[in-house]
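Observations on the model geometry
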Amino acid sequence: MPQAVEHLAELTGFRDRDVLDVSLVGALRDLLQPTLVAIHRCVGEPGAQRWLTRARLGLHDMAASGDPLWSDLDSLPELAAHPERMACLQGATTVASAAATGTPALMLFPLTTDLDVVGVLEVQTAAPLGDEAQRMVDSILRVYRNFQGLLDYSERDTLTGLLNRKTFDDSFMRIAASATPGPAAAGAQAGRRSAGQGGGPWLAMIDIDHFKRVNDTYGHLIGDEVLLLLSRLMRNSFRFHDHLYRFGGEEFVALIRCGQASDAVTAFERLRANVENYAFPRVGKITVSIGFTQVRPGDTPSGAFERADKAVYHAKQHGRNQVGDHAQLVAAGELEDGSRDSDVELF
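Residues numbered from 1 in each chain as written. Predicted model: local features only at pLDDT ≥ 70, side-chain atom pairs only at ≥ 80, totals over all residues. Heavy atoms only, no water.

1. Let's talk about the overall build of the protein
Which entries qualify depends on this criterion: Counting from the N terminus, the helices are the DSSP runs of H or I reaching at least four residues and the strands are the DSSP runs of E reaching at least two. Accessible area is worked out with a 1.4 Å probe on protein chains only. A residue is then buried under 20% of its type maximum, exposed over 50%, and partly exposed in between. In this analysis, two residues are considered to be in contact whenever any of their non-hydrogen atoms come within 4.5 Å of each other. Areas reported as accessible are Shrake-Rupley estimates using a 1.4 Å probe. Residue values count occlusion only from the protein chains shown.
Secondary structure summary: the protein contains 11 helices and 10 strands in total. Residue burial in the protein is summarised as follows: out of 347 residues, 47% are buried. Here the contacts in the protein between residues at least 6 apart in sequence split such that 66% fall between residues at least 24 apart. Here the protein has roughly 16900 Å² of accessible surface; of this, 53% comes from carbon and sulfur atoms.

Below is the structure:
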């Protein structure tokens, strides 16, 4: 029991979801001595969902491994490829598979949130887990679920469920650290946005056109409904691992990966068109203006925001309901690039 308590203390000591999953499989490896323990998440849109392995740890592994967060969805295994996992996911219940001669016993536990089953915990052991071990795993997963709920509460906008502003800086710095040196390097990436690691990072600011008019005409409850529906359109327009934020009011932000500017334009134009073609209840037609920029090596959040903000302001000043590429606008002489590229600012 003291060992379990120690692992629970370590499990709840992090505010990073990646580290949390690694801590969970590490704790269960130490407590159960299984041949394998892994966390598999269900990702993608309904009808095209896949298994993403968040963390995997064998008995003698020095460190946990997993699928890259920016994996191409098509490269991941389909749900049907693992029927035991599917049974656990769909039934929201523990699934056990008896060990055949020379093979480990398999036990799958559902990973749940307050609303849904989002994945499975896989435990392979030389002999089937006893009742006491299963109860211990269930208890640890309840702590894991509760802590995930606390993270959701602190990291997500309460209205839309998108990430909130205070989570942005850490995510941005991690993503900026993987930025490619510039357009030439980005262009060398595969043109298909979903390919491989997803290419370089891009930052977009998304602003609802004439949103004040919606609030003034229909009231703030209808305005909130517009914000909620827009957040759903954003989720449907981007990939499962793109980072989507609400910064407050009608201001939204997207951090995505793609190979080159044309792929970024395609992604942001898809959102713009989806919003324009959607019939918002009571309000009717709503449009958005979008400005985006490539995240540069050494970028600070303020530097990237400055460029994206200039691009979205240009879009609003030139008719709204359009996507503005900061680099293209600078090349055309429409904007001046006065932002600082480095994380060291001189005064």
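2. Overview of the sheet that holds strand β2 (residues 50-58)
Rules: Strands are labelled as partners when DSSP assigns at least two bridges between them. Axis geometry follows a simple rule: fit a line to the C-alpha atoms, using only the stretch in contact for helices, then measure angles between N-to-C directions, giving values from 0 to 180 degrees.
Across the sheet, 5 strands lie side by side as β2-β1-β5-β4-β3; this open sheet has antiparallel pairing. Of all strands in the sheet, those with a lone pairing partner are β2 and β3 (95-97), marking the two edges. Across the sheet, the mean angle from the axis of one strand to that of its neighbour is 20 degrees, orientation sign disregarded. The sheet contacts of helix α3 (residues 83-91) involve β1 (36-43), β2, β3, β4 (105-112) and β5 (117-125), and relative to β5 the element is tilted by about 130 degrees. Contacts from helix α4 (residues 131-155) reach β1, β4 and β5, with the element oriented near 30 degrees to β4.

3. With respect to the sheet that holds strand β9 (residues 288-294)
Spatially, 5 strands are ordered β7-β8-β6-β9-β10 in an open sheet, and the strand pairing comes out mixed. Of all strands in the sheet, those bounded by a partner on one side alone are β7 (243-248) and β10 (323-325). When strand polarity is set aside, the average angle formed by the axes of neighbouring strands in this sheet is 20 degrees.

4. So, the nonpolar core
Going by this rule: To form a nonpolar core, buried Ala, Val, Leu, Ile, Met, Phe, Trp, Tyr and Cys residues must be joined to one another through side-chain atoms within 4.5 Å.
Grouped together as the largest cluster of nonpolar side chains are 32 residues, with contacts concentrated most on Ile208 and Phe268. Mapped by element, the contributors of at least two residues to this core are β6 (200-208), α7 (211-218), α8 (220-237), β8 (251-258), α9 (261-276) and β9. Ignoring anything within four residues of it in the chain, the contact list for Phe268 reads Ala204, Phe238, Ala254, Ile256, Ile290, Phe292 and Val323. By size, the runner-up hydrophobic cluster in this structure holds 23 residues, among which are Leu28, Leu129, Ile140 and Leu141.

5. A closer look at the pattern of salt bridges
In plain terms, the rule: What makes a salt bridge here is a side-chain nitrogen of Lys or Arg within 4 Å of a carboxyl oxygen of Asp or Glu, nothing more.
Tallied over the entire structure, the rule returns 15 salt bridges. Between Lys316 and Asp209 there is a salt bridge, and its shortest N-O distance comes to 3.0 Å. With Lys316 in helix α10 (residues 301-317) and Asp209 in the loop between β6 and α7, this residue pair connects regions lying 107 residues apart in the sequence. Taken individually, Lys316 and Asp209 each receive the classification buried, so the pair is uniform in this respect. Ionic contacts of the salt-bridge type, sharing partners, join the residues Glu269, Arg272, Glu276 and Lys285 into one network.

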